[in-house]
Amino acid sequence: MEIERKTEKVYGYPGLLTDRKEHFCPGCSHGILSKVIAEIISEMGLHERAIGVYGAGCASIMYEYIGIKGVGAPPGSAVGIAAGIKDAMKDALVFAYVGDADIASDLSVVIGAAMRNDKITVICENNFNMGVSGGAMSPATPLGIATTTSPSGRSAAGQGNPLALSELVKGTKGVTYCARGSSHSPGAVRKTKAMIKKAFMEQIFGNGMGFVEVAGMCPTNLNLPPVEAATKVKEILEELPTGETK
Ligand code: SF4
């Protein structure tokens, strides 16, 4: 008797990712998020309308990896450039992809966009350091975490308290959707994907700015193997709750 075999494809390479080999270190969250963003845009059928503005740092050439229109931005300016593009191209889906150090280098750009009620999406990959610099402290580096500029671990008395990005941004009226996700586990990535989708919908429906902070791993500068870096991010999140906050 012949047994009928049924197969179902449950995973595949997102068609919107280009063939260009990504330069990210093993276990880096930027690689995870480039795939997630490519999947979302593909699933939503938005590849013709989507424009990515990638902030300065390790992910500044992500436009080489996601097959949509995209541009790299000078430090601190990705959100402002995204707002300008949206103003000129109202039908486009415009998102800024930034790191924690980059966005914090000029927070007035984000606050200004929120005050103007700019209908864009901001995806902030928070890996708690300035990866591209070789691991300098960022304003979002948690207390106790060692970086090249806080080698004994950040302390409130020494380098000041860390900035909670989502909590800061959600207080602005123009931000109509705000969430903190993570990329430290498959389950966390699934939830984060849903958050980014919602933030895109917020823009598509013309409601306001969507801001999604995503806790991420920078194994190289944490000086940890990828799996241990993911565990460290999970620990950090005990002080930084995930979920939708607005
Ligand atoms: S230095 Fe950190 S953020 Fe930059 S590519 Fe490597 S792991 Fe990613």
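Scroll up to find the structure.
Residues numbered from 1 in each chain as written. Predicted model: local features only at pLDDT ≥ 70, side-chain atom pairs only at ≥ 80, totals over all residues. Heavy atoms only, no water.

Peer 1: Residues and numbers for the overall build of the chain, please.
Peer 2: Helix and strand counts for the chain come out as eight helices and seven strands. Against the globule reference of 18 Å for 246 residues, the chain gives a C-alpha radius of gyration of 18 Å, in line with a compact fold. C-alpha atoms of the chain, sized along the principal axes, occupy 70 × 50 × 30 Å. Out of the 246 residues in the chain, the part that is buried amounts to 49%. Put simply, 68% of the contacts in the chain that link residues at least 6 apart link residues at least 24 apart. For the chain, the exposed area adds up to about 11700 Å²; of that, 56% sits on carbon and sulfur atoms. Taking the average place of the 24 positive charges on the side chains of the chain and the average place of its 24 negative ones, the gap between the two points comes to 4 Å. (Helix = DSSP H or I, 4+ residues; strand = E, 2+ residues; numbered from the N terminus. Rg over C-alpha atoms; globule rule 2.2 N^0.38 Å. Buried < 20%, exposed > 50% of the residue type's maximum accessible area, 1.4 Å probe, protein only. Contact = heavy atoms within 4.5 Å. Areas by Shrake-Rupley, 256 points an atom, 1.4 Å probe, with all protein chains shown as cover. Lys, Arg positive; Asp, Glu negative; His and termini not counted. Charge placed at Lys NZ, Arg CZ, Asp CG, Glu CD.)

Peer 1: Before we move on, could you go through the nonpolar core and cite the residues and values that matter?
Peer 2: Counting 31 residues, the largest nonpolar core has I41, F95 and Y97 as the members making the most contacts within it. Contributing elements (two or more residues each) for this core: helix 1 (29-43), strand 1 (50-54), strand 3 (93-99), strand 5 (175-182), helix 6 (186-204) and strand 6 (209-215). Considering every element that reaches this core, the biggest residue donor is helix 1, with six residues. Not counting residues up to four positions away in its chain, the partners in contact with Y97 are H30, L33, I37, V53, Y54, G55, A59, M62, I123 and E125. Counting 27 residues, the second largest nonpolar core, distinct from the first, contains V94, A96, V98 and I103. (Core = buried A, V, L, I, M, F, W, Y, C linked by side-chain atoms within 4.5 Å.)

Peer 1: Account for the sheet that holds strand 1, with residues named and values stated.
Peer 2: Sheet architecture is open: seven strands sit in the order 2-1-3-4-6-5-7, paired in mixed fashion. Looking at strand neighbours, the two that pair on one side only are strand 2 (69-72) and strand 7 (243-244), the edges of this open sheet. Sheet topology note: the strand 4 (residues 121-126)/strand 6 ladder contains six bridges and is parallel. Bridging from a neighbouring strand, E125 pairs with V214 of strand 6. Along the sheet face, helix 1 touches strand 1, strand 3, strand 4 and strand 6 and points at about 170° away from the line of strand 3. Of the strands in this sheet, strand 1, strand 3 and strand 4 are in contact with helix 2 (residues 78-88), which crosses strand 3 at around 175°. (Pairing = 2+ DSSP bridges. Axes fitted to C-alpha atoms, helices over the stretch in contact; angles between N-to-C directions.)

Peer 1: Let's hear about the packing of aromatic side chains: which residues, and what values?
Peer 2: This model, assessed by the stated rule, comprises five aromatic pairs. With a centroid separation of 6.5 Å and an interplanar angle of 55°, the aromatic rings of Y54 and Y97 are classed as tilted. Here Y54, found in strand 1, pairs with Y97, found in strand 3; they are 43 residues apart in sequence, far enough to count as distant. Members of the aromatic cluster, joined through ring pairs, are Y54, Y63, F95, Y97 and F200. (Phe/Tyr/Trp six-rings, centres within 6.5 Å; stacked < 30°, edge-to-face > 60°.)

Peer 1: Outline the pattern of salt bridges, listing residues and values.
Peer 2: Counting across every chain of the model gives 11 salt bridges. Among the ionic pairs, E213 bridges to R180, the shortest N-O distance being 3.3 Å. Separated by 33 residues along the polypeptide, E213 in strand 6 and R180 in strand 5 bring together distant segments of the chain. A salt bridge links K198 to E244, with the shortest nitrogen-to-oxygen separation between them at 2.7 Å. (Salt bridge = Lys/Arg side-chain N within 4 Å of Asp/Glu carboxyl O.)

Peer 1: Outline the side chain of S150, supporting the account with residue identities and numerical values.
Peer 2: If you trace the backbone, S150 turns up in the loop between strand 4 and helix 5 (165-170). On the accessibility criterion, S150 (1% relative accessible area) is buried. At 2.6 Å, the side chain of S150 forms a polar contact with the side chain of T147. Setting aside its immediate chain neighbours within four residues, S150 contacts M137, I145 and Q159. (Polar contact = N/O pair within 3.5 Å; in protein donor to acceptor, adjacent residues only side chain to side chain.)

Treat this as a map of the structure, not an account of what it does.
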